[in-house]
Amino acid sequence: MFWDLEFTAEAMPDLLSGLWVTVQVTVMGYLIALTLGLLIAVVRRVPVVGAVVHGVMEFIRTTPLVVQLVFVFLLAPSTITGMTVGVAVLGVHYSAYTAEVYRSGIEGVARGQWEAARALSLPASRTWGAIVLPQAIRKVIPALGNYLIAMFKDTPMLFAIGVAELLTEAQRIGSASFRVVEAYTLVGFLFLAVSIPSAIIIRRLERRYAAV
């Protein structure tokens, strides 16, 4: 048979376990990317320091993610798990992209807003926290959401450092059962089951905030 339903039922628990690892890595890495990206976007406006940070981020963006994963994994102490390395590397890698998204949002804040804050002698913390960032982040929410999906689709690269995510589980199951077609097809369906609803939500956010 081309498709074995009994094998599908037996393999699904392990694949769902791998999917759960994939989701955990994605969520934790994304939170790092959001937080670190915002910090980078703000620091980049500081003379000299901003130029150095920009250079580092360009290096990270132009280096293959899988190379970063393997490099950090090999240098990390043996006490640090592959999953921890994966979360950290994914987060830092994607922070280079989210930083650019935040930067575009910050630059999109009307110049008059900055001038009004200076005219009122507001401290920098108040200017950023109450005026600039609320407006900037609101504009870039859809773009940030796109990187969540991109990160989710990049998690199979953790296969290179032995993390038992979805693709790794499929490879193990396929190798043990010699039913590779079912294993990898199920991986595709599971990725679609998560990615499609996420894409729909992001499109709705785009329409919502475009109308604001």
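Everything that follows concerns the structure shown earlier in this document.
Attention in this report is confined to the structure presented alongside it. (Residues numbered from 1 in each chain as written. Predicted model: local features only at pLDDT ≥ 70, side-chain atom pairs only at ≥ 80, totals over all residues. Heavy atoms only, no water.)

## Side note on the overall build of the protein chain
Note the threshold: For the purposes of this entry, the term helix denotes a DSSP run of H or I that reaches at least four residues, the term strand denotes a run of E that reaches at least two, and both are numbered from the N terminus. Each residue is placed in one exposure class: buried if its accessible area under a 1.4 Å probe, protein chains only, is under 20% of its type's maximum, exposed if it is over 50%, and partly exposed if it falls in between.
For the protein chain, the count of helices and strands is 8 helices and 0 strands. Along the protein chain, helices and strands appear, N-terminal first, in the series α-α-α-α-α-α-α-α. Along the first, second and third principal axes, the C-alpha set of the protein chain runs to 75 × 45 × 25 Å. Counting across all 212 residues of the protein chain, residues that qualify as buried make up 38%.

## With respect to the nonpolar core
Basically, it comes down to this: What is meant by a nonpolar core is a set of buried Ala, Val, Leu, Ile, Met, Phe, Trp, Tyr and Cys residues, joined one to another through side-chain atoms within 4.5 Å. Contacts between residues were defined by any pair of non-hydrogen atoms, one from each residue, lying within 4.5 Å.
In terms of nonpolar packing, the biggest core is built from 31 residues, with L90, I106, V132, L144 and L158 touching the most fellow members. Elements represented by at least two residues in this core include exactly α1 (5-43), α3 (65-75), α4 (82-107), α5 (111-119) and α6 (124-154). Excluding anything up to four places from it in sequence, L90 contacts V25, L65, M151, T155 and L158. Counting residues in hydrophobic clusters, the runner-up holds 13 residues, among them A11, L19, I173 and V187.

## Focus on the side chain of Q68
Let me state the cut-off plainly: By the criterion applied in these results, polar contacts are pairs of N or O atoms within 3.5 Å in which, for protein atoms, one can donate a hydrogen and the other can accept it, and in which residues neighboring in sequence qualify only through two side-chain atoms.
Structurally, the position occupied by Q68 is in helix α3. Relative accessible area serves as the criterion here: at 13%, Q68 is assigned to the buried category. Engagement of the side chain of Q68 in a polar contact is seen with the backbone oxygen of I60, the distance being 2.8 Å. Not counting residues up to four positions away in its chain, the partners in contact with Q68 are I60, T63, V89 and H93.

## Some words on the packing of aromatic side chains
Worth spelling out the cut-off: Within 6.5 Å between ring centres, the rings of Phe, Tyr and Trp (the latter by its six-membered ring) count as paired, and their orientation is classed by plane angle as stacked under 30 degrees, edge-to-face over 60, tilted in between.
Enumeration over the complete set of coordinates arrives at 5 aromatic pairs. Here Y94 and Y97 contribute two aromatic rings whose centre-to-centre distance is 5.7 Å and whose plane-to-plane angle is 45°, an arrangement assigned as tilted. In this pair, Y94 and Y97 are both assigned in helix α4, 3 residues apart and thus about one turn of the helix distant. When the centroid spacing of 5.3 Å and the interplanar angle of 85° are considered together, the rings of W114 and W128 count as edge-to-face. Of the two residues, W114 sits in helix α5 while W128 sits in helix α6, which places them 14 residues apart along the sequence. No difference in accessibility class separates W114 from W128, as the two residues are buried. Joined through ring pairs, the aromatic side chains of Y94, Y97 and Y147 make up one cluster.

## A word on the packing of α1 against α6
This is how it is decided: Every axis corresponds to a line fitted to the C-alpha atoms, with the helix fit spanning only the stretch in contact, and the corresponding angles, defined between N-to-C directions, vary from 0 to 180 degrees. Rotating anticlockwise by less than a right angle from the far helix to the near helix defines a left-handed crossing, while the corresponding clockwise rotation defines a right-handed one. For this classification, Asp, Glu, Lys and Arg are treated as charged, while Ala, Val, Leu, Ile, Met, Phe, Trp, Tyr, Cys and Pro are nonpolar and the rest, including Gly, are polar.
Packing of α1 against α6 leaves a shortest axis separation of 11 Å and a crossing angle of 145°. Crossing angle aside, the handedness with which α1 passes α6 is right-handed. Facing L19, T22, V23, T26, G29, Y30, A33, L34, L38 and V42 of α1, the residues of α6 in contact are W128, L133, L144, G145, Y147, L148, M151 and F152. Residue composition of the contact of α1 with α6, grouped by class: 14 nonpolar, 4 polar and no charged.

## Quick notes on α4
To keep things clear, this is the line we draw: Expected span of a helix, by definition, is 1.5 Å for each gap between consecutive residues, and there is one gap fewer than residues. Here the bend at each residue means the angle between axes fitted to two seven-residue stretches, the one ending at that residue and the one beginning there.
The first and last C-alpha atoms of α4 sit 37 Å apart over 26 residues, in line with the 38 Å expected at 1.5 Å per residue. Considering bend angle alone, the principal kink of α4 is centred on S95 and spans about 35°.

Purely geometric stuff here, so don't read any function into it on its own.
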